[in-house]
Amino acid sequence: MTSGRVNPQFRLEDQGIEGLGNVYYNFMEPALIEEALKRGEGTLGNGGAFLVTTGKFTGRSPKDKHVVKTESVADTIWWENNAEMTPKGFDALYEDMLAHMKGRDYFVQDLVGGADLAYSINVRMVTELAWHNLFIRHLLRRPDREDLDEFTADFTIINCPSFQADPKKHGCKSETVIALNFDRKMILIGGTEYAGENKKSVFTLLNYMLPEKGVMPMHCSANHAVGNPVDTAVFFGLSGTGKTTLSADPERTLIGDDEHGWSDRGTFNFEGGCYAKTINLNPEAEPEIYATTTKFGTVIENMVFDPETKELDFDDDSLTANMRCAYPLEYISNASSSALGGHPKNIIMLTCDAFGVLPPIARLTPAQAMYHFLSGFTSKVAGTERGVTEPQPTFSTCFGAPFMPRRPEVYGNLLREKIAQHGATCWLVNTGWTGGAYGVGSRMPIRATRALLTAALDGSLRDAEFRKDANFGFDVPVTVPGVAEVLLDPRRTWDDQAAFDKQAEKLVKMFAENFEQYLPFIDDDIKAVAIG
């Protein structure tokens, strides 16, 4: 039996997916919550939020992600970063997954990735779990209801958590699998309930497709000045660096919190919602995000709550430090209705430095910006990936290596060209540790970070006095109104300055060793600013 609204010429049967139980097409939020509750997938929370846990997997599984190596993509995929799967292995995986799905109920959402329709893709998401359908309905962009009658998908994603892959038969690494097949325009996800795999699969698709159209795909958040989309800022950064928090500035209009494109027309959000970390979420520091946790339909993922009152515990990380909430963009009062912006005037590269060495903000030349974009230094924050229980210093090129199908220089050169063409000012912002490394120091005060960003975005920071950093060569402001002067000089925040020097030397060496892999692919001006 089928129910819901769908193009009668584009049902699952028309795609060769047959023999299922009930199929529910494009259900809206109330109906999806009803189905999820009926199936025991979660609990109704305060305000109509939906509370779920994801079992064994509370973060992404990047090592289980594969790209099918076909002739059309063999020369363009960055295979050192993307595990390959054979077409034969994928075909067996698909057949076995369809056999597993027979007789079971499935939920279908027909959605769009990309606010700029000149560069968007239509995505059909087929999910075993009703709440996964609710999640992806928030996170991607929803067509008008009447447009569903003629909707056809460019790509189809099937997510079946109860299916276990066979590494030997399917050519994958474990029973959990995320397999992308560009020729068959299909992604298969099995063996994990973590909902973030759904949205990041679409991001990976766009990261591959858009560079051929001259569009720079970015793992970033974005906002613009109120009433002035020309004054757009983008915030690059891995999970846990503050992309969502810092872009949700009540004094600016939010374009989006995680995934964007930069075309010859400006900036556009890939998504229709936000996926925010909730650990230690504070109603005073982040009132807008906090308020979403009690709004109807918000998905609350892996949070401890009182079984009687359903009150959420924002400090209890016993399930995971990667607790999150997913909600539609319109739940943020200052969100852009179009999700479009101008060409970025300011580019912020966010890093979470667990060494406690980097300053809270530094100004970068275009060459330094390219260097730090390719380096992608940060610390993996607890819970965002399986097995990460405390911050781990890492280099993730383009501030998003797990989602980059092409070689990093492809994205780096696109960024460099666009910075040169549009004259963006670039900043490196450290939201990590100050006064010592992780375990000794403390996290950078968010109020200080916000004050520094405000000064950067309103232009006042350009008039500040700067010093040249002895270790990294970039410019660091000496004083900024509203920010403790000592905070701007990391060495002074350490009780043991000799220990700081040793730690800085260690980090410089890590930068130099990591960057050696890019030296054959970059120009002399980038080599000239390389650290170490």
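On a predicted model such as this, the values are computed, not experimentally measured, just so you know.

Rules behind the numbers
Residues numbered from 1 in each chain as written. Predicted model: local features only at pLDDT ≥ 70, side-chain atom pairs only at ≥ 80, totals over all residues. Heavy atoms only, no water. UniProt positions renumbered as here; feature names shortened; annotations may be inferred. Helix = DSSP H or I, 4+ residues; strand = E, 2+ residues; numbered from the N terminus. Buried < 20%, exposed > 50% of the residue type's maximum accessible area, 1.4 Å probe, protein only. Contact = heavy atoms within 4.5 Å. Polar contact = N/O pair within 3.5 Å; in protein donor to acceptor, adjacent residues only side chain to side chain. Pairing = 2+ DSSP bridges. Expected span 1.5 Å × (residues − 1). Domains from an automatic or database assignment. Core = buried A, V, L, I, M, F, W, Y, C linked by side-chain atoms within 4.5 Å. Axes fitted to C-alpha atoms, helices over the stretch in contact; angles between N-to-C directions.

(A) Broad picture of the UniProt feature "binding site: Mn(2+)" (unreviewed entry) in the protein chain. Feature annotation in UniProt places "binding site: Mn(2+)" (unreviewed entry) on K200, H219 and D258, given in this structure's numbering. In three dimensions, the annotated residues from a span of 59 residues occupy one location, with a maximal C-alpha spread of 10.2 Å. Within the element layout of this structure, H219 appears in strand β12 (residues 216-225). When its relative accessible area of 3% is taken as the criterion, H219 is described as buried. When sequence neighbours within four positions are dropped, the list of residues in contact with H219 reads K200, F203, F235, F236, G237, L238, S239, K243, D258, F399, G400 and F403. A distance of 3.2 Å separates polar atoms of two side chains, one belonging to H219 and the other to K200. Note that D258 resides in the loop between β14 (252-256) and β15 (259-263). For D258, a relative accessible area of 7% puts it in the buried group.

(B) How the structure looks around the sheet that holds strand β4 (residues 50-52). The strand order β3-β4-β18-β19-β17 describes an open sheet built from five strands, whose pairing is mixed. If you trace the sheet from one side to the other, it starts and ends with β3 (43-44) and β17 (273-277), each paired once. Looking at chain direction, β4 and strand β18 (residues 299-301) are connected through three bridges and run parallel. When the bridges of β18 are listed, F50 appears paired with V299.

(C) Highlighting helix α2 (residues 87-101). Look at α2: 21 Å from first C-alpha to last across 15 residues, which is about the 21 Å you get at 1.5 Å a residue. For α2, the full list of buried residues reads G89, F90, A92, L93, Y94, M97, L98 and M101. Following α2 by one or two positions, G103 has its phi on the positive side, about 80°.

(D) Structural view of the domain arrangement of the protein chain. On domain assignment, one finds that the protein chain holds domain 1 (2-41 + 60-213), domain 2 (274-331) and domain 3 (343-529). The C-alpha-based centres of domain 2 and domain 3 are spaced at 28 Å.

(E) Representation of the UniProt feature "binding site: substrate" (unreviewed entry) in the protein chain. Under the UniProt annotation, the feature "binding site: substrate" (unreviewed entry) is placed at R60, Y194, K200 and R324. Checked against the element boundaries, R60 lands in the loop between β4 and β5 (65-68). Note on placement: R324 falls in strand β19 (residues 324-328). R324 sits in the buried class, given a relative accessible area of 8%.

(F) Local environment of the nonpolar core. In terms of nonpolar packing, the biggest core is built from 50 residues, with W131, F135 and F182 touching the most fellow members. The leading source of residues in this core is helix α3 (residues 130-139), at six residues. When we break this core down by domain, the ones giving at least three residues each are domain 1 (2-41 + 60-213) and domain 2 (274-331). The contact partners of W131, leaving out residues within four places of it in the chain, are A36, E41, F50, V52, T54, E193, A195, V299 and E301. Residues A222, L358, A369 and F472 belong to the second largest nonpolar core, which totals 47 residues.

(G) Looking closely at the sheet that holds strand β7 (residues 106-113). The sheet built from nine strands is open, its strands ordered β1-β2-β7-β8-β9-β11-β10-β5-β6 with mixed pairing. The outermost strands of the open sheet, each flanked by one partner alone, are β1 (2-4) and β6 (83-85). Between one strand axis and the next, the sheet turns by 20° as a mean value, whatever way the strands run. Summarising the sheet, strand β8 (residues 121-127) and strand β9 (residues 155-160) pair through five bridges and their orientation is parallel. Each residue of the ladder has a partner; that of V126, found in β9, is I158.

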